[in-house]
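# Overview (structure and organization)
Single-letter residue listing:
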Amino acid sequence: MSVFSTFLGRYCDRYFQISARGSSFWKEVLAGVTTFGAMAYIMAVNPDILSAAGLDRHDMVMTTIASAVIGSLIMALWANLPIALAPAMSSNVIFAQVVVIRMGVPPAVAFTMVLLGGLAFLTLSLTQWRQRIVKAFPVPVRLGIHFAIGAFIAHIGMVTGGLAIKGNDGLAFGHLADPAVILGIAGLFLAAFLRWSRVPAAMLIVIAVVTLIGCFVPHGSGKVTQLPTHWMDWPHYPVHMLFPYDFKGFFSHFFLVLPVTLYFFLGDFFDATGTMMAVIQRSGLKDKEGQPLLGRDAFAADASASIVGSALGTSTVSAYLESLVGVEEGGKTGLVGITVALLFALSSLFWPLITSVPAVATAPILILVGLGMLSGLTDLKTLSAREQIIPLLMVLITVMTGDFMVSLALGLLLFTFLALATKRWQDITIMLLVLDAVFVTYLVLSSGMG
């Protein structure tokens, strides 16, 4: 056994350059365990979000785990970076709430949109156009996308957790006489406390605690949590979810779904860029020229993970900011991702328990994730007074109407209008004009005027 361990350690050290990066085998494994604990909540949250679109909850647990396993392996083996991947917490909400529910697009067409967005990302990752797009896309709109989605995610968490219910004038706060609402509030406070206290695996702990307490809290004719008859079972992948595409449906509604397809591409593009840059800068990894070790391989790996994720039957797969906690533990190589992938695979044995997690247990996570994205509102001070109107308008429209795509369209058009009004001709790029045309077409078609 010791001979095997020695051989494995030497092989991993040579392949992942562990010693060369100033780390050790067990330090990398510990970092992987820590990263998994920080992001394991996605196994319960992602199925909860996607099941609202009519997709089977058990199927979504399996596809979520499979995409996290394969995505993390791709990043580990291709780019050798301490970054774990799973279905993104912004794109899954857009997939379910905007594309399928609000727009009425069948899930098969939505998966096709995720695929094409991933292919566009992969193509650009292998060229020099990646940096050009980062520089050319309007910063106020990029911030607006981030903030608006944060508000949207928090909104979904409030509703699914029962903290916001339909009232005479829109939404009202949930009934405090309902024990489930009290449980949701307690879960939110617990999540905030654990996160601020920097407790490892805080979100996973919240889900477990609220789910457990829910076994004793009355709700309707039963309890908040309905535990399965058995907690473990051999995982079986829903093969009918493999390659769930509908290209005919996509092209028959091409101009209506094109803007959302662009969002899946741009959302993954900018999220991946920001997340991976933050993780790599924190890790201190640099190339021979002293620049952050974030090259073409990392972006290509992230894009490939989205393509594979769509083929498995889930929303956009991307790098997770929770990888930072693994870096804090000393993770510097792809062995972190290998460890994360193995733990996700092992978790698939507990799919009956995962599917029993109630919405009130995942709602605090959605609210905190959304508020975390809104915490970047301080970045508004980097914009001029007129530019600040754009992201604020996008947030306002999204919160008041729940229509993220309209907020994105009006944000882009307002940026163009302000550029024309102030004669900032350098801001009116070919990319901006093309995006304006695409989103005007979307507004016309979605309103029924077309």
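Residues numbered from 1 in each chain as written. Predicted model: local features only at pLDDT ≥ 70, side-chain atom pairs only at ≥ 80, totals over all residues. Heavy atoms only, no water.

What counts, and what does not: UniProt positions are given in the numbering used here, feature names are shortened, and annotations may be inferred rather than shown by experiment.
Per an unreviewed UniProt entry, the recorded name for the protein is Membrane transporter, and the organism is Acetobacter tropicalis. Database annotation for the protein, UniProt heading Sequence similarities (unreviewed entry): "Belongs to the nucleobase:cation symporter-2 (NCS2) (TC 2.A.40) family. Azg-like subfamily." Note on the protein: under the UniProt heading Subcellular location (unreviewed entry), the record states "Endomembrane system".

### Section: unusual backbone geometry
Quick reminder of the rule: For helices the rule is a DSSP run of H or I covering at least 4 residues; for strands it is a run of E covering at least 2, with both sets numbered from the N terminus onward.
Here Ala201, not a glycine, exhibits a phi torsion of approximately 55°, which is positive. Here Ala201 shows up in the loop between helix H9 (179–196) and helix H10 (202–214). Despite not being glycine, Phe243 has its phi angle at roughly 50°, a positive value. Looking at the element boundaries, Phe243 is found in the loop between strand E5 (222–223) and helix H11 (247–252).

### Topic: the layout of surface pockets
The following threshold applies: Residues are said to line a cavity or pocket when one of their atoms sits within 4 Å of a point; the points come from a 1 Å grid over protein atoms alone, cavities being sets where a 1.4 Å probe fits but cannot get out and pockets being open sets with protein on both sides within 12 Å along at least five of seven lines. Grid points are joined across faces, edges and corners, and a volume is the space filled by probe spheres set on the points. Only Asp, Glu, Lys and Arg are considered charged, only Ala, Val, Leu, Ile, Met, Phe, Trp, Tyr, Cys and Pro nonpolar, and every remaining residue, Gly among them, polar.
Put simply, the second largest pocket is a space of about 470 Å³. Counting only elements with at least two residues in the lining of the second largest pocket, the list comes to helix H3 (42–51), H10 and helix H16 (351–355). Per-element accounting of the lining of the second largest pocket gives the leading share, five residues, to H10. By residue class, the composition of the lining of the second largest pocket is 16 nonpolar, three polar and no charged.

### Overview of the nonpolar core
Applied cut-off: To qualify as a nonpolar core, a set must consist of buried Ala, Val, Leu, Ile, Met, Phe, Trp, Tyr and Cys residues joined through side-chain atoms within 4.5 Å. Think of it in three bands: with a 1.4 Å probe and only protein chains considered, a residue is buried below 20% of the maximum accessible area for its type, exposed above 50%, and partly exposed in between. By definition, residues are in contact when any of their heavy atoms lie within 4.5 Å.
If you look at the biggest cluster of nonpolar residues, it comprises 125 residues, and the most contacted ones within it are Met89, Ile94, Phe344 and Phe404. No other element matches helix H12 (residues 254–283), which puts 13 residues into this core. With residues up to four places along the chain from it excluded, the contact list for Phe404 reads Ile94, Val98, Ile145, Ala148, Ile149, Tyr263 and Thr398.

### Re empty space enclosed by the protein
A complete count under the given rule lists one cavity of 30 Å³ or more for this structure. Reported here for the largest cavity is a volume of approximately 60 Å³. Arg386, Glu387, Ile390, Phe415, Leu418, Ala419, Thr422, Arg424 and Asp427 are the residues that line the largest cavity. By residue class, the composition of the lining of the largest cavity is four nonpolar, one polar and four charged.

### A short note on the packing of aromatic side chains
Here is the rule we go by: Working definition: a ring pair exists when centres of Phe, Tyr or Trp rings (six-membered ring for Trp) sit within 6.5 Å. Plane angles under 30 degrees give stacked, over 60 give edge-to-face, the rest tilted.
Summed over all chains, the structure comprises 13 aromatic pairs. Ring plane angle 45° and centroid distance 4.9 Å describe the contact between Phe95 and Phe111, whose orientation is recorded as tilted. Here Phe95 is found in helix H5 (residues 91–102), whereas its partner Phe111 is found in helix H6 (residues 107–125), with 16 residues between them in sequence. Here Phe95 and Phe111 have matching classes, each one buried.

### Observations regarding the side chain of Thr333
Locating Thr333 in the fold gives a position in the loop between helix H14 (323–328) and helix H15 (335–347). Overall, Thr333 belongs to the buried group, its relative accessible area being 0%. In this view, Thr333 contacts Phe16, Gln17, Ile18, Arg21, Glu28, Asn80, Leu81 and Pro82; residues no more than four positions away in its chain are not counted.

### Considering helix H13 (residues 296–312)
Formally: Expected span of a helix: the number of residues minus one, times 1.5 Å.
With 17 residues, H13 should reach 24 Å at 1.5 Å per residue; the first-to-last C-alpha distance of 24 Å fits that figure. Note on H13: the residue one or two positions beyond its end, Gly313, has a positive phi of about 100°.

### Re the packing of helix H4 (residues 57–79) against H13
Rule in force here: The angle between two axes is taken between their N-to-C directions and runs from 0 to 180 degrees, where each axis is a line fitted to C-alpha atoms and a helix contributes only its stretch in contact. Relative orientations are named as follows: roughly parallel for angles under 35 degrees, roughly antiparallel for angles over 145 degrees, roughly perpendicular for angles from 65 to 115 degrees, and oblique for any other angle. We call a crossing left-handed when the near helix sits turned anticlockwise from the far one by less than a right angle, and right-handed when that turn is clockwise.
Contact pair H4 / H13: the axes reach a minimum separation of 9 Å and the direction vectors enclose 155°. Relative to H13, the element H4 is oriented roughly antiparallel. The interaxial crossing formed by H4 with H13 has right-handed handedness. Along its contact with H4, which presents Thr63, Ala66, Ser67, Ile70, Gly71, Ile74, Met75, Trp78 and Ala79, the element H13 presents Asp297, Ala298, Ala300, Ala301, Asp302, Ser304, Ala305, Val308, Gly309 and Leu312. Per-class residue counts for the contact of H4 with H13 are 12 nonpolar, five polar and two charged.

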